[in-house]
Amino acid sequence: MLVIGERINGMFKDVAKAIADKDKAAIQGLAGKQVACGAGVLDVNVGPAAADAKDAMKWLIRTIQEVTDVPLALDSTKADVIEEGLKLVKARAIINSTTAVKEKLDVFVPMARQYGAGLIGLTMEKGIPRDKNERSEYAAKIVSACMEAGINLEELYLDPIILPVNVAQAQAQEVLESIREFRLLSDPPPKTVVGLSNVSQGTDKRGLINRTFLVMAAAQGLDAAIVDPMDKELMDAVITAELLLNKHIYCASFLDAYRKK
Amino acid sequence: MAVELVKEKWSNAINRLTIGATKEEGGTRTSKITVGGQTTLPYLFDEGDMPNAPVIAMEIEDKEPADWPQALKEPFKDVLSNPVEWAKKCVNEYKAEILCLRLRGTHPDFGDASADQAAATVKSILEAVGVPLIVLGCEHDEKDNLVLPKCAEAAKGENCLFGDATEDNYKTLTAACLADGHNIIGESPIDINIAKQVNILISDMGFDITKIAMNPTIGALGYGMEYAYSIMERARLAAFVGDKMLSMPFVCFVGSEAWRAKEAKGLQSEHPEWGSEKERGPLWEAATAMSVLLSGADLLIMRHPKAVAIIRKTIARLMKKG
């Protein structure tokens, strides 16, 4: 599973402070640790507090690229912030994210094509999807916009949108079914991604709920997840799930073996 | 309409392993060999590259082998009790590119030669021939742990290949190879999970994974060859999609396996319908070698010069692209 490290996000207080203080070491430490723990992509989000979002995005990208060359997922609702970032990313970039809203697709799909970037598509329009049928409807809109623009669908990551289990308990199963159904939309199929931590928002057992859900999603064929790779129990659970799905060859030290990849 | 074949493209390559060190590299070898580096299943040149052809190592022993049948002893009959002359014969007469010395004479039940005697044998072979050397113990763990470190030290700088490290006995040999700069063979009993585990155990000691060769253990034609074949193929498929702990070149002990089979060594006098063992034995060895070549073998340890000649020609033919 492609692990997208979520920690460089201005929603976290330490990151917001590092952005405000221009504290390179703090950001680079988080980047290095996440990669060492198994992140294949780093999410970069300046957060709501940054005084100048474009400048903050550019500073974060430059700072991260001084210590690692893993691909970056540029996470913002603002197209101009993402585009400023795309100009700077040396390795592959992923746009995080568009929705199925036409005005957004009209901006982000051509942008993904222009910069050769991956694209995360949230399967929602104005509101949150109510069930798997709505999710599939929005997913189909995003897929067809990408097909028309000639985007390789293996570069598209559809996000069925996880909702907190304490407010929308029935949605977890809808999401799991969507992960499987999205694969039927095209050949080759689009990829799937979830922003995992939302599932446990506001609960007391966040780690347990996160890793249990991620294992269930892995069993449905989930391709990528935005998670905290420094959560060792979570990573152990993913590695073990993939082992049981016959994606790696077993050996007694299978956790260690996976981490040596 | 022409049928378009589906072609696989893999993300990971097999490690390159070099055996032998020339003067420039701090050794005294006049040649060295490199295996591995593939980006495709064997000989599918349309899908990827095989930068290095498989290599045949000829096997010799430190004392006259007790269990070799007459048909196998015949080509070496004047040198069997002298490993240095045996080594020279393999290189000069049979054009061996690399030799594999099995120190069977150190086994407590087969001569119990001392570690110093074994090290002296290794040294004298290195002095007598210029090709790179593989050194094997006697498959008695305690004795091997005394003998092989001494031999590794005696061959320091020559970048030999030492074996075998197993799941239950790998620390001493790994430490010795690490200290003296040699390559190591990790052995597993036709078991892909243990193969991977042995590689991890060795690498956990700080050993460079590109200096490990995998001995998956094979079976001869008629004795589980198909098990070995499928294990090797499965390991390769995992390696090509990114499993670094299975990305090592394969070393296959073709000679020792093939010549254990009664179909190889059985006498014509006892089995008249089988034909002459002088022909049949080498053919059994060659057929076993052929099968492991097609499942991805990189380094073949072989015995009979006739089988070696057949497989050398076969490799050249297989490697002809297009």
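A brief report on the enclosed structure follows. Values in this document were obtained by computation on a predicted structure and should not be read as measured data.

Observations regarding a negative patch on the surface
On the surface, Asp141, Glu142, Glu167 and Asp168 of chain B cluster together to form a negatively charged patch. Relative to the assigned elements, Asp141 of chain B resides in helix 4 (residues 141-154).

A look at empty space enclosed by the protein
Residues and elements named next belong to chain B. On inspection of all chains with the given rule, the structure shows 1 cavity of 30 Å³ or more. Taken as a whole, the largest cavity encloses approximately 30 Å³ of empty space. In terms of lining, the largest cavity is formed by Gln38, Thr40, Leu41, Pro42, Met50, Arg236, Leu293, Gly296 and Ala297. Of the residues assigned to the lining of the largest cavity, the class counts are 5 nonpolar, 3 polar and 1 charged.

What to know about the interface of chain B and chain A
How big an interface is tends to be reported as the loss of accessible area on association of its parts. Taken together, the 14 residues of chain B in the interface contact 11 residues of chain A. Both sides of the chain B and chain A interface together cover about 1,000 Å² of buried area, and 56% of this is carbon and sulfur. In terms of surface lost to chain A, no three residues of chain B exceed Asn193, Lys196 and Gln197 of chain B, which account for 39% of the buried area on that side. Asp204 of chain B is the partner of Lys260 of chain A in a salt bridge, and the nearest nitrogen-oxygen pair spans 2.4 Å. For the pair chain B and chain A, the number of links is 6 residue pairs in polar contact (both at pLDDT 80 or more). Residue assignment for the side of chain B that touches chain A shows that the elements contributing at least two residues are helix 6 (192-204) and helix 7 (225-240) of chain B. It is helix 6 of chain B that contributes the most residues to the side of chain B that touches chain A, 7 residues altogether.

Observations regarding the nonpolar core
Judged by nonpolar contacts, the single largest core of 86 residues is most densely connected at Leu99 and Leu300 of chain B. When sequence neighbours within four positions are dropped, the list of residues in contact with Leu300 of chain B reads Val55, Ile56, Ala57, Cys252, Val254, Ala289, Val292, Leu293, Ile311 and Ile315 of chain B. Grouped together as the second largest cluster of nonpolar side chains are 67 residues, Val46, Ala100, Phe182 and Leu196 of chain A included.

Observations concerning the packing of aromatic side chains
Residues and elements named next belong to chain B. Per the stated rule, a full pass over the model turns up 7 aromatic pairs over all chains. Aromatic pair Trp10 and Phe240: ring centres 5.5 Å apart, planes at 25 degrees, arrangement stacked. One end of the pair, Trp10, is in the segment before strand 1 (16-19); the other, Phe240, is in helix 7, with 230 residues separating them in the sequence. By relative accessible area, which is 0% here, Phe240 ends up buried. Centre to centre, the rings of Phe76 and Tyr94 are 5.9 Å apart; their planes meet at 85 degrees, and the pair counts as edge-to-face. In this pair, Phe76 is assigned in the loop between helix 1 (70-73) and helix 2 (83-92) and Tyr94 in the loop between helix 2 and strand 4 (98-102), connecting sequence segments 18 residues apart.

Observations regarding the pattern of salt bridges
Enumeration over the complete set of coordinates arrives at 37 salt bridges over all chains. For Lys17 of chain A, the salt bridge is made with Asp21 of chain A, and the minimal N-O distance between the two is 2.9 Å. With Lys17 of chain A and Asp21 of chain A both in helix 1 (residues 13-21) and 4 residues apart, the pair spans about one turn of that helix. With a relative accessible area of 47%, Asp21 of chain A lands in the partly exposed category. A single salt-bridge network, built from bridges that share partners, covers Glu59, Arg102, Glu139 and Arg303 of chain B.

Here we look at the sheet that holds strand 8 (residues 224-227) of chain A
Residues and elements named next belong to chain A. Ordered by their spatial adjacency, 8 strands build a closed barrel running 1-2-3-4-5-6-7-8, and the pairing between neighbours is parallel. Adjacent strand axes in the sheet meet at a mean angle of 25 degrees, parallel and antiparallel pairs treated alike. By the bridge criterion, 2 bridges tie strand 1 (residues 2-5) to strand 2 (residues 41-44) in an arrangement that is parallel. If you follow Gly5 over to strand 2, its bridge partner there is Leu42. Sheet strands in contact with helix 6 (residues 132-148) are strand 5 (118-122) and strand 6 (156-159), and its direction is about 165 degrees off that of strand 6.

About the cut-offs
Residues numbered from 1 in each chain as written. Chains lettered and ligands numbered in written order. Predicted model: local features only at pLDDT ≥ 70, side-chain atom pairs only at ≥ 80, totals over all residues. Heavy atoms only, no water. Patch = residues over 30% accessible without salt bridge, like charges linked within 9 Å, V, L, I, M, F, W, Y side chains within 5 Å. Areas by Shrake-Rupley, 256 points an atom, 1.4 Å probe, with all protein chains shown as cover. Salt bridge = Lys/Arg side-chain N within 4 Å of Asp/Glu carboxyl O. Lys, Arg positive; Asp, Glu negative; His and termini not counted. Charge placed at Lys NZ, Arg CZ, Asp CG, Glu CD. Helix = DSSP H or I, 4+ residues; strand = E, 2+ residues; numbered from the N terminus. 1 Å grid on protein atoms, 1.4 Å probe; cavity = no way out; pocket = protein on both sides within 12 Å on 5 of 7 lines; lining within 4 Å. Points joined across faces, edges and corners; volume = space filled by probe spheres on them. Nonpolar A, V, L, I, M, F, W, Y, C, P; charged D, E, K, R; others polar. Contact = heavy atoms within 4.5 Å. Buried area = accessible area lost by both parts, 1.4 Å probe. Polar contact = N/O pair within 3.5 Å; in protein donor to acceptor, adjacent residues only side chain to side chain. Core = buried A, V, L, I, M, F, W, Y, C linked by side-chain atoms within 4.5 Å. Buried < 20%, exposed > 50% of the residue type's maximum accessible area, 1.4 Å probe, protein only. Phe/Tyr/Trp six-rings, centres within 6.5 Å; stacked < 30°, edge-to-face > 60°. Pairing = 2+ DSSP bridges. Axes fitted to C-alpha atoms, helices over the stretch in contact; angles between N-to-C directions.

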